[in-house]
Amino acid sequence: MKILIHQTRATATDCAAALIADRLTRQPDTVLGLATGGTMESVYANLIARHQVGGVSFARATSFNLDEYVGLQADHPCSYWHYMREKLFDHVDMDPHRAFLPKGDAADAEAEAARYEAAILAAGDIGLQLLGLGLNGHIGFNEPTSSLASLTRIKTLTQSTRDANARYFERTDDVPRLAITIGIGTILRAQEVVLLAYGAEKAGVVAQMIEGAVSAACPATALQMHRKVTVVLDEDAASDLALRNYYEQVHPRVSDPSI
Ligand code: PGA
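Structural notes, computed from the coordinates. Not measured: the values here are computed from a predicted model. (Residues numbered from 1 in each chain as written. Predicted model: local features only at pLDDT ≥ 70, side-chain atom pairs only at ≥ 80, totals over all residues. Heavy atoms only, no water.)

Some details on the layout of surface pockets
The calculated volume of the largest pocket comes to roughly 730 Å³. T36, G37, G38, N165 and R167 are the residues nearest the centre of the largest pocket, which is lined by 37 residues in total. Those elements that provide at least two residues to the lining of the largest pocket are helix 2 (38-52), strand 4 (67-69), helix 3 (80-87) and helix 5 (159-165). Counting residues per element, the lining of the largest pocket draws most heavily on helix 3, which supplies 5 residues. (1 Å grid on protein atoms, 1.4 Å probe; cavity = no way out; pocket = protein on both sides within 12 Å on 5 of 7 lines; lining within 4 Å. Points joined across faces, edges and corners; volume = space filled by probe spheres on them. Helix = DSSP H or I, 4+ residues; strand = E, 2+ residues; numbered from the N terminus.)

Section: the site of the ligand
Residues in contact with the ligand, as listed here, are G37, G38, T39, G132, L133, G134, H138, R167 and K202. Within the contact set of the ligand, an oxygen atom lies 2.7 Å away from a side-chain nitrogen or oxygen of K202. Here the ligand loses 80% of its free accessible area of 280 Å² to cover by the protein chains. When atoms are counted within 2 Å of each cavity's grid points, the one that captures over half of the ligand is the largest pocket. For the shell around the ligand, the residue count by class is 1 nonpolar, 6 polar and 2 charged. (Near = heavy atom within 4 Å. Polar contact = N/O pair within 3.5 Å; in protein donor to acceptor, adjacent residues only side chain to side chain. Areas by Shrake-Rupley, 256 points an atom, 1.4 Å probe, with all protein chains shown as cover. Sits in = over half its atoms within 2 Å of the grid points. Nonpolar A, V, L, I, M, F, W, Y, C, P; charged D, E, K, R; others polar.)

This is a description of form; function is not addressed.
Structure, rendered in structure tokens:
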């Protein structure tokens, strides 16, 4: 894993956005794996700003989002389709016919999950997968004890995830109990992964992900098995890392994502 520790969230965000923009410049038809959540909002704002000055184009890209709540229609204000339109798609030159999310309101959610996995495979798998990190170690909605070989399927959300996401809904009870999520096996097939985490509240799970034993109890530890992962952190999120000095020696000039 390449561990990049930034002094501020702003430079960490810029670094993650630069990794995506550089990939799209090198390979305009990249298949992007996109994420939602609070951490991603500033990354998408940064990419929109780059797009507005001609710094990045999504015109030839394809995207697959990680997950969607079961039961929510695309136009529901809390759906991830709505989030993606509001935070990114409506502001860049992404072709809406090549921007995919699982259909949360599909009549048969299991069949929809299988269809989504097949669509990712048919697209040649994900080129660059963007990830946030859940407080409980989830990536996508692969909650603790998810199979580390899992493919796209329905997962029951943990109470801690529903509590963390309750801020987007009127009441905690409104947070759906089920989601369709791409699997850990699906994520591990991506050519490269960029994971972004901020803040002291993530420090414990960040240390577990990077330095802990690989275990389904912390699904993000599966990334230790991936060939090309870049973890972008701010100082608070890096504060529990035992080998922090080492990572800072290896990448002392972290604002330059090419190193
Ligand atoms: P957050 O969510 O960016 O809102 O912290 C991350 C996640 O749960 O994957």
